[in-house]
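Descriptive analysis of the structure
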Amino acid sequence: MSTDAASSELLDDEFLPMRARILELAASLDRTERAGQDFQEDPRWGQLQQAVELLLGAGTDRTERLQLLFSRPYQQKWREAWHM
Amino acid sequence: MYYIDPHIHMVSRTTDDYETLAKMGCVAVSEPAFWAGYDRGSSAGFRDYFEQLTSFEAKRAASYGIQHFTWLCINAKEAENVSLSREVIAMIPEFLDRAGVLGIGEIGLNKNTRNEATIFLEHLDLAAKTDEQILIHTPHLEDKYQGTRMILDMLTGDRRLDRSRILVDHVEEHTVRWVLEAGFWAGMTLYPVSKCTPERAVDMVELYGPERLLVNSAGDWGPSKPTAVPDFILEMRSRGHSEQAIRQVVYENPVKFFSQSRNFTFEAPEWAEAEVRHP
(Lines give C-alpha, C1' and ligand atoms only; values in the text may rest on other atoms or scores of the structure.)
Protein backbone atom coordinates (compact mmCIF):
# COMPACT_ATOMS: atom_id res chain seq x y z
CA MET A 1 0.00 0.00 0.00
CA SER A 2 1.37 3.42 -0.95
CA THR A 3 1.91 6.07 1.72
CA ASP A 4 -0.86 8.16 0.14
CA ALA A 5 -3.29 5.24 0.31
CA ALA A 6 -2.33 4.52 3.91
CA SER A 7 -2.80 8.13 5.02
CA SER A 8 -6.13 8.31 3.20
CA GLU A 9 -7.30 5.17 5.00
CA LEU A 10 -6.11 6.60 8.31
CA LEU A 11 -8.07 9.77 7.65
CA ASP A 12 -11.14 7.62 6.98
CA ASP A 13 -10.74 6.17 10.47
CA GLU A 14 -9.78 9.38 12.22
CA PHE A 15 -12.05 11.97 10.58
CA LEU A 16 -15.18 11.48 12.68
CA PRO A 17 -13.33 11.15 16.02
CA MET A 18 -11.29 14.30 15.22
CA ARG A 19 -14.43 16.18 14.16
CA ALA A 20 -16.08 15.17 17.44
CA ARG A 21 -13.10 16.33 19.54
CA ILE A 22 -12.90 19.68 17.71
CA LEU A 23 -16.63 20.21 18.35
CA GLU A 24 -16.11 19.42 22.05
CA LEU A 25 -13.30 21.99 22.18
CA ALA A 26 -15.43 24.59 20.39
CA ALA A 27 -18.30 23.97 22.81
CA SER A 28 -15.95 24.37 25.81
CA LEU A 29 -14.65 27.69 24.43
CA ASP A 30 -18.23 28.89 23.80
CA ARG A 31 -19.30 27.87 27.31
CA THR A 32 -16.41 29.82 28.83
CA GLU A 33 -17.20 32.94 26.79
CA ARG A 34 -20.92 32.77 27.62
CA ALA A 35 -20.02 32.81 31.32
CA GLY A 36 -18.52 36.32 31.04
CA GLN A 37 -15.38 38.19 30.03
CA ASP A 38 -13.28 37.82 33.22
CA PHE A 39 -11.26 34.93 31.81
CA GLN A 40 -9.58 36.98 29.09
CA GLU A 41 -6.81 38.21 31.40
CA ASP A 42 -6.16 34.71 32.71
CA PRO A 43 -2.82 33.41 31.34
CA ARG A 44 -4.40 29.98 30.86
CA TRP A 45 -6.73 31.52 28.25
CA GLY A 46 -3.72 32.82 26.36
CA GLN A 47 -2.12 29.38 26.56
CA LEU A 48 -5.23 27.80 25.09
CA GLN A 49 -5.21 30.29 22.22
CA GLN A 50 -1.55 29.55 21.52
CA ALA A 51 -2.34 25.84 21.62
CA VAL A 52 -5.09 26.15 19.03
CA GLU A 53 -2.77 28.18 16.78
CA LEU A 54 -0.11 25.49 17.16
CA LEU A 55 -2.54 22.86 15.89
CA LEU A 56 -2.91 24.76 12.62
CA GLY A 57 0.81 24.45 11.83
CA ALA A 58 2.41 21.62 9.88
CA GLY A 59 4.62 18.83 11.19
CA THR A 60 4.51 15.50 12.98
CA ASP A 61 5.45 16.73 16.46
CA ARG A 62 2.42 18.82 17.43
CA THR A 63 1.82 16.72 20.55
CA GLU A 64 5.33 17.26 21.88
CA ARG A 65 5.17 21.00 21.12
CA LEU A 66 1.79 21.28 22.86
CA GLN A 67 3.18 19.48 25.92
CA LEU A 68 6.08 21.95 26.04
CA LEU A 69 3.70 24.90 25.68
CA PHE A 70 1.90 23.72 28.83
CA SER A 71 5.17 23.09 30.74
CA ARG A 72 7.23 25.12 33.19
CA PRO A 73 10.70 25.84 31.79
CA TYR A 74 13.73 23.76 32.79
CA GLN A 75 16.84 25.61 34.00
CA GLN A 76 19.97 23.58 33.29
CA LYS A 77 21.93 25.07 36.22
CA TRP A 78 19.31 24.43 38.91
CA ARG A 79 21.75 22.46 41.09
CA GLU A 80 24.24 25.31 41.18
CA ALA A 81 21.44 27.76 41.99
CA TRP A 82 20.40 25.61 44.96
CA HIS A 83 24.01 24.78 45.95
CA MET A 84 23.30 21.06 45.61
CA MET B 1 -2.90 -12.20 25.81
CA TYR B 2 -1.31 -12.60 29.24
CA TYR B 3 0.33 -9.50 30.65
CA ILE B 4 1.97 -7.84 33.66
CA ASP B 5 0.90 -4.46 35.06
CA PRO B 6 4.24 -2.98 36.20
CA HIS B 7 2.74 -0.08 38.17
CA ILE B 8 -0.55 -0.35 40.04
CA HIS B 9 -1.56 0.55 43.61
CA MET B 10 -3.66 -2.43 44.57
CA VAL B 11 -4.01 -1.45 48.24
CA SER B 12 -6.43 1.19 46.91
CA ARG B 13 -8.44 -1.25 44.81
CA THR B 14 -11.12 -3.79 45.57
CA THR B 15 -11.01 -7.56 45.36
CA ASP B 16 -13.38 -7.24 42.40
CA ASP B 17 -10.54 -5.50 40.57
CA TYR B 18 -8.21 -8.42 41.28
CA GLU B 19 -10.82 -10.77 39.87
CA THR B 20 -11.29 -8.62 36.75
CA LEU B 21 -7.52 -8.33 36.22
CA ALA B 22 -7.15 -12.10 36.48
CA LYS B 23 -9.98 -12.65 33.98
CA MET B 24 -8.34 -10.22 31.54
CA GLY B 25 -5.02 -12.06 31.58
CA CYS B 26 -3.00 -10.24 34.22
CA VAL B 27 -0.48 -12.66 35.75
CA ALA B 28 1.58 -10.30 37.91
CA VAL B 29 1.52 -6.76 39.28
CA SER B 30 4.22 -4.51 40.71
CA GLU B 31 3.10 -2.03 43.34
CA PRO B 32 5.29 0.96 44.23
CA ALA B 33 4.84 2.70 47.58
CA PHE B 34 2.97 5.99 47.08
CA TRP B 35 1.00 8.83 48.65
CA ALA B 36 -2.06 7.56 50.54
CA GLY B 37 -4.14 10.65 49.75
CA TYR B 38 -3.12 12.27 53.03
CA ASP B 39 0.22 12.99 54.72
CA ARG B 40 1.12 10.35 57.31
CA GLY B 41 2.00 11.68 60.73
CA SER B 42 4.92 9.45 61.62
CA SER B 43 7.34 6.83 60.35
CA ALA B 44 5.21 4.23 62.19
CA GLY B 45 2.52 4.86 59.58
CA PHE B 46 5.01 3.90 56.87
CA ARG B 47 6.09 0.80 58.78
CA ASP B 48 2.48 -0.37 58.78
CA TYR B 49 2.15 0.45 55.07
CA PHE B 50 5.32 -1.50 54.20
CA GLU B 51 3.99 -4.41 56.25
CA GLN B 52 0.76 -4.33 54.25
CA LEU B 53 2.62 -4.14 50.92
CA THR B 54 4.98 -7.01 51.72
CA SER B 55 2.60 -9.43 53.42
CA PHE B 56 -1.17 -9.03 53.15
CA GLU B 57 -1.33 -7.58 49.64
CA ALA B 58 0.71 -10.45 48.19
CA LYS B 59 -1.71 -12.94 49.75
CA ARG B 60 -4.72 -11.03 48.45
CA ALA B 61 -3.29 -11.10 44.91
CA ALA B 62 -2.32 -14.77 45.14
CA SER B 63 -5.89 -15.76 45.89
CA TYR B 64 -6.70 -14.62 42.33
CA GLY B 65 -3.65 -16.31 40.80
CA ILE B 66 -1.78 -12.99 40.42
CA GLN B 67 1.83 -12.68 41.58
CA HIS B 68 2.46 -9.49 43.57
CA PHE B 69 5.73 -7.51 43.74
CA THR B 70 6.43 -4.22 45.45
CA TRP B 71 8.78 -1.24 45.88
CA LEU B 72 9.45 0.79 49.04
CA CYS B 73 10.14 4.48 49.71
CA ILE B 74 8.65 7.70 50.99
CA ASN B 75 6.87 9.32 48.04
CA ALA B 76 7.79 12.70 46.54
CA LYS B 77 4.82 14.53 48.04
CA GLU B 78 5.64 13.59 51.62
CA ALA B 79 9.36 14.06 50.92
CA GLU B 80 8.75 17.75 51.54
CA ASN B 81 9.01 16.74 55.22
CA VAL B 82 12.76 16.06 55.33
CA SER B 83 13.04 14.80 58.92
CA LEU B 84 10.17 12.31 58.48
CA SER B 85 11.67 11.21 55.15
CA ARG B 86 15.02 10.47 56.78
CA GLU B 87 13.33 8.33 59.43
CA VAL B 88 11.53 6.35 56.72
CA ILE B 89 14.66 5.94 54.59
CA ALA B 90 16.52 4.61 57.63
CA MET B 91 13.76 2.02 58.15
CA ILE B 92 13.55 0.74 54.54
CA PRO B 93 16.52 -1.70 54.76
CA GLU B 94 14.57 -3.77 57.33
CA PHE B 95 12.18 -4.71 54.53
CA LEU B 96 14.48 -5.08 51.52
CA ASP B 97 15.04 -8.83 51.90
CA ARG B 98 11.37 -9.65 52.09
CA ALA B 99 9.83 -11.75 49.31
CA GLY B 100 8.65 -9.71 46.35
CA VAL B 101 10.46 -6.46 47.19
CA LEU B 102 11.99 -5.31 43.88
CA GLY B 103 13.71 -2.13 45.02
CA ILE B 104 13.30 1.55 45.89
CA GLY B 105 10.25 3.33 44.48
CA GLU B 106 8.33 5.23 43.44
CA ILE B 107 10.71 8.03 44.32
CA GLY B 108 10.84 11.26 42.37
CA LEU B 109 9.67 14.85 42.35
CA ASN B 110 6.23 16.38 42.78
CA LYS B 111 6.54 20.19 42.73
CA ASN B 112 10.27 20.12 41.95
CA THR B 113 11.37 21.67 45.26
CA ARG B 114 14.74 21.66 46.97
CA ASN B 115 13.49 19.37 49.76
CA GLU B 116 12.11 16.87 47.25
CA ALA B 117 15.44 16.86 45.41
CA THR B 118 17.34 16.37 48.67
CA ILE B 119 15.28 13.31 49.60
CA PHE B 120 15.44 11.96 46.06
CA LEU B 121 19.24 12.04 46.24
CA GLU B 122 19.17 10.29 49.63
CA HIS B 123 16.97 7.54 48.18
CA LEU B 124 19.46 7.15 45.30
CA ASP B 125 22.26 6.82 47.83
CA LEU B 126 20.34 4.08 49.65
CA ALA B 127 19.69 2.24 46.37
CA ALA B 128 23.34 2.46 45.38
CA LYS B 129 24.57 1.20 48.76
CA THR B 130 22.09 -1.70 48.88
CA ASP B 131 22.33 -2.53 45.15
CA GLU B 132 18.59 -2.12 44.64
CA GLN B 133 16.68 -1.34 41.45
CA ILE B 134 14.87 2.00 41.25
CA LEU B 135 11.38 2.97 40.08
CA ILE B 136 10.81 6.70 39.53
CA HIS B 137 7.70 8.88 39.58
CA THR B 138 7.81 11.97 37.36
CA PRO B 139 5.60 14.99 38.21
CA HIS B 140 2.19 15.82 36.83
CA LEU B 141 1.08 18.30 34.14
CA GLU B 142 3.07 21.57 33.94
CA ASP B 143 5.75 20.25 36.32
CA LYS B 144 6.53 17.10 34.34
CA TYR B 145 9.07 18.39 31.83
CA GLN B 146 11.09 20.40 34.33
CA GLY B 147 10.91 17.63 36.95
CA THR B 148 11.89 14.88 34.54
CA ARG B 149 14.93 16.83 33.34
CA MET B 150 15.95 17.49 36.98
CA ILE B 151 15.54 13.79 37.82
CA LEU B 152 17.68 12.80 34.83
CA ASP B 153 20.34 15.30 35.94
CA MET B 154 20.47 13.66 39.37
CA LEU B 155 20.50 10.11 37.99
CA THR B 156 23.20 10.73 35.42
CA GLY B 157 25.23 12.61 38.02
CA ASP B 158 25.64 9.48 40.16
CA ARG B 159 28.16 7.13 38.54
CA ARG B 160 27.28 4.29 40.94
CA LEU B 161 23.90 3.78 39.27
CA ASP B 162 23.29 1.26 36.49
CA ARG B 163 20.85 2.92 34.08
CA SER B 164 19.53 -0.43 32.84
CA ARG B 165 18.18 -1.09 36.35
CA ILE B 166 16.18 2.15 36.59
CA LEU B 167 12.61 2.71 35.35
CA VAL B 168 11.43 6.30 34.84
CA ASP B 169 7.66 6.27 34.89
CA HIS B 170 4.76 8.41 33.61
CA VAL B 171 6.65 9.53 30.48
CA GLU B 172 4.76 11.48 27.81
CA GLU B 173 5.61 12.87 24.38
CA HIS B 174 7.89 15.62 25.70
CA THR B 175 9.86 13.41 28.13
CA VAL B 176 10.08 9.91 26.63
CA ARG B 177 12.97 10.71 24.28
CA TRP B 178 15.12 12.18 27.06
CA VAL B 179 14.61 9.07 29.22
CA LEU B 180 15.29 6.49 26.50
CA GLU B 181 18.26 8.32 24.99
CA ALA B 182 19.90 8.45 28.42
CA GLY B 183 19.66 4.65 28.62
CA PHE B 184 16.87 4.24 31.18
CA TRP B 185 13.66 2.21 30.95
CA ALA B 186 10.52 4.28 30.40
CA GLY B 187 6.97 3.62 31.60
CA MET B 188 3.82 5.02 30.00
CA THR B 189 0.84 5.45 32.31
CA LEU B 190 -2.66 5.16 30.88
CA TYR B 191 -5.10 7.45 32.67
CA PRO B 192 -8.62 8.56 31.75
CA VAL B 193 -7.81 12.31 31.86
CA SER B 194 -4.17 13.19 32.60
CA LYS B 195 -0.96 11.40 31.60
CA CYS B 196 -1.43 9.20 28.50
CA THR B 197 -4.15 7.42 26.50
CA PRO B 198 -3.78 3.97 24.89
CA GLU B 199 -3.72 5.66 21.46
CA ARG B 200 -0.89 8.03 22.40
CA ALA B 201 1.04 5.19 24.06
CA VAL B 202 0.90 3.17 20.84
CA ASP B 203 2.05 6.29 18.94
CA MET B 204 5.13 6.37 21.19
CA VAL B 205 5.83 2.66 20.62
CA GLU B 206 5.64 3.30 16.87
CA LEU B 207 7.93 6.34 17.12
CA TYR B 208 10.57 4.93 19.49
CA GLY B 209 10.25 1.14 19.14
CA PRO B 210 9.35 -1.35 21.88
CA GLU B 211 12.81 -1.59 23.49
CA ARG B 212 12.86 -0.50 27.18
CA LEU B 213 9.22 0.67 27.04
CA LEU B 214 6.60 -0.47 29.55
CA VAL B 215 2.92 0.34 29.83
CA ASN B 216 0.94 0.49 33.08
CA SER B 217 -2.40 1.55 34.55
CA ALA B 218 -1.07 3.15 37.77
CA GLY B 219 -4.54 2.33 39.12
CA ASP B 220 -5.02 3.94 42.52
CA TRP B 221 -7.64 5.70 44.69
CA GLY B 222 -8.31 8.43 42.10
CA PRO B 223 -9.84 8.36 38.61
CA SER B 224 -7.92 5.52 36.98
CA LYS B 225 -8.64 2.31 35.13
CA PRO B 226 -6.95 -0.84 36.40
CA THR B 227 -7.71 -2.61 33.11
CA ALA B 228 -5.97 0.04 30.99
CA VAL B 229 -3.22 -2.33 29.80
CA PRO B 230 -5.76 -4.52 27.93
CA ASP B 231 -6.99 -1.28 26.29
CA PHE B 232 -3.42 -0.75 25.04
CA ILE B 233 -3.31 -4.34 23.76
CA LEU B 234 -6.55 -3.79 21.83
CA GLU B 235 -5.24 -0.55 20.29
CA MET B 236 -2.01 -2.29 19.20
CA ARG B 237 -4.06 -5.07 17.59
CA SER B 238 -6.40 -2.63 15.84
CA ARG B 239 -3.37 -1.01 14.18
CA GLY B 240 -2.11 -4.35 12.94
CA HIS B 241 0.84 -4.91 15.30
CA SER B 242 1.89 -8.53 15.69
CA GLU B 243 1.07 -10.55 18.80
CA GLN B 244 4.82 -10.89 19.41
CA ALA B 245 5.31 -7.09 19.32
CA ILE B 246 2.44 -6.61 21.78
CA ARG B 247 3.71 -9.35 24.06
CA GLN B 248 7.15 -7.75 24.14
CA VAL B 249 5.75 -4.55 25.64
CA VAL B 250 3.19 -5.97 28.06
CA TYR B 251 4.93 -9.17 29.19
CA GLU B 252 8.52 -9.71 28.10
CA ASN B 253 9.77 -6.18 28.86
CA PRO B 254 8.50 -6.18 32.47
CA VAL B 255 9.96 -9.65 33.03
CA LYS B 256 13.31 -8.53 31.58
CA PHE B 257 13.44 -5.38 33.70
CA PHE B 258 12.25 -6.95 36.97
CA SER B 259 14.55 -9.98 36.53
CA GLN B 260 17.43 -7.75 37.52
CA SER B 261 16.07 -7.75 41.06
CA ARG B 262 17.09 -10.62 43.39
CA ASN B 263 13.54 -10.83 44.80
CA PHE B 264 11.77 -11.21 41.46
CA THR B 265 10.65 -14.79 41.98
CA PHE B 266 8.18 -14.72 39.12
CA GLU B 267 6.92 -18.09 37.98
CA ALA B 268 5.87 -17.83 34.35
CA PRO B 269 2.65 -19.74 33.80
CA GLU B 270 3.13 -22.71 31.52
CA TRP B 271 0.93 -21.22 28.83
CA ALA B 272 2.88 -17.96 28.82
CA GLU B 273 6.18 -19.80 28.32
CA ALA B 274 4.60 -21.77 25.48
CA GLU B 275 3.39 -18.57 23.82
CA VAL B 276 6.90 -17.08 23.98
CA ARG B 277 8.46 -20.23 22.51
CA HIS B 278 5.85 -20.55 19.73
CA PRO B 279 4.59 -17.07 18.86
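Higher on the page you've got the structure.
Notes on the structure follow. (Residues numbered from 1 in each chain as written. Chains lettered and ligands numbered in written order. Predicted model: local features only at pLDDT ≥ 70, side-chain atom pairs only at ≥ 80, totals over all residues. Heavy atoms only, no water.)

Some thoughts on the interface of chain A and chain B
Worth spelling out the cut-off: Contacts are assigned to residue pairs that have any heavy atoms within 4.5 Å of one another. The term buried area means the drop in 1.4 Å probe accessible area that two parts suffer when joined, counted for both and summed. Only one rule defines a salt bridge in this text: a Lys or Arg side-chain nitrogen within 4 Å of an Asp or Glu carboxyl oxygen. We count a stretch as a helix when DSSP gives it H or I for four or more residues in a row; a strand needs E for two or more, and each element gets its number in order from the N terminus. When residues are grouped by polarity, Ala, Val, Leu, Ile, Met, Phe, Trp, Tyr, Cys and Pro land in nonpolar, Asp, Glu, Lys and Arg in charged, and all others, Gly among them, in polar.
Across the contact, 15 residues belong to chain A and 20 residues belong to chain B. Summed over both partners, the interface of chain A with chain B buries about 1700 Å², with 56% contributed by carbon and sulfur atoms. When the area that chain A buries against chain B is broken down by residue, the three leading residues are A:R72, A:Y74 and A:W82, summing to 38%. Our count for the contact surface shared by chain A and chain B stands at two salt bridges. Of the charged contacts in the structure, one is a salt bridge between B:R177 and A:E64, with a shortest N-O distance of 3.4 Å. Every element with two or more residues in the side of chain A that touches chain B is listed here: α3 (62-69) and α4 (78-81) of chain A. Residue composition of the side of chain A that touches chain B, by class: seven nonpolar, five polar and three charged.

Things to note about the packing of aromatic side chains
Residues and elements named next belong to chain B. Basically, it comes down to this: In summary, the pairing rule links any two rings of Phe, Tyr or Trp, Trp by its six-membered ring, whose centres are within 6.5 Å, and it sorts them by plane angle into stacked for under 30 degrees, edge-to-face for over 60 and tilted for everything else. Residue burial is assigned from relative accessible area. The probe radius is 1.4 Å, only protein chains are included, and a residue is buried under 20% of its type maximum, exposed over 50%, and partly exposed in between. Whether a charge sits over a ring depends on NZ of Lys or CZ of Arg being within 6 Å of the ring centre and within 35 degrees of the ring normal.
Summed over all chains, the structure comprises 16 aromatic pairs over all chains. With centroids separated by 5.6 Å and ring planes inclined at 75 degrees, the aromatic side chains of F50 and F95 adopt a geometry described as edge-to-face. Of this pair, F50 sits in helix α2 (residues 43-62) while F95 sits in the loop between α3 (82-91) and β4 (101-108), and the two are 45 residues apart along the sequence. When its relative accessible area of 2% is taken as the criterion, F95 is described as buried. For the pair F264 and F266, a centre-to-centre distance of 5.5 Å together with 15 degrees between the ring planes defines the contact as stacked. Each member of the pair, F264 as well as F266, carries the same accessibility label: buried. Among the aromatic side chains, those forming a connected cluster through ring pairs are F69, W71, W185, Y251, F257, F258, F264 and F266. Over the aromatic face of Y49 sits the side chain of R40, whose NZ or CZ is 4.8 Å from the ring centroid.

A few points about the sheet that holds strand β3 (residues 67-72) of chain B
Residue and element names in this part refer to chain B. Put simply, the rule reads: By the convention used here, strands pair only if DSSP detects at least 2 bridges between them. Here the axes come from fitting lines to C-alpha atoms, over the contacting stretch only for helices, and the angles between their N-to-C directions go from 0 to 180 degrees.
If you trace the eight strands from one edge of the open sheet to the other, you get β1-β2-β3-β4-β5-β6-β7-β8, paired in parallel fashion. Edge positions in the sheet fall to β1 (3-5) and β8 (213-216), since each has one partner strand and no second. On average, each strand axis in the sheet is inclined to that of its neighbour by 25 degrees, with strand direction left out of account. Relative to strand β5 (residues 133-137), β4 is paired through five bridges, and the arrangement is parallel. Looking across to β5, one finds that G108 is bridged to H137.

As for the nonpolar core
Under the convention used in this document: In this text, buried Ala, Val, Leu, Ile, Met, Phe, Trp, Tyr and Cys residues form a nonpolar core when linked through side-chain atoms within 4.5 Å.
Counting 89 residues, the largest nonpolar core has B:F50, B:I136, B:L155, B:F232 and B:V250 as the members making the most contacts within it. Not counting residues up to four positions away in its chain, the partners in contact with B:I136 are B:I107, B:G108, B:F120, B:I151, B:L155, B:I166, B:L167, B:V168 and B:D169.

Some points on the packing of helix α8 (residues 228-238) of chain B against helix α9 (residues 243-258) of chain B
Residue and element names in this part refer to chain B. Rules: Between 65 and 115 degrees an angle is taken as roughly perpendicular, under 35 as roughly parallel, over 145 as roughly antiparallel, and anywhere else as oblique. Note on convention: near helix rotated counterclockwise from far helix by under a right angle means a left-handed crossing. Clockwise means right-handed.
The N-to-C vectors of α8 and α9 enclose an angle of 155 degrees; their axes lie 10 Å apart at closest approach. Accordingly, the angle class assigned to the pair α8 and α9 is roughly antiparallel. Helix-helix and strand crossings are classified by hand; for α8 and α9 the assignment is right-handed. Between α8 and α9, the contacting residues are V229, F232, I233, M236 and R237 on the first element and E243, A245, I246, V249 and V250 on the second.

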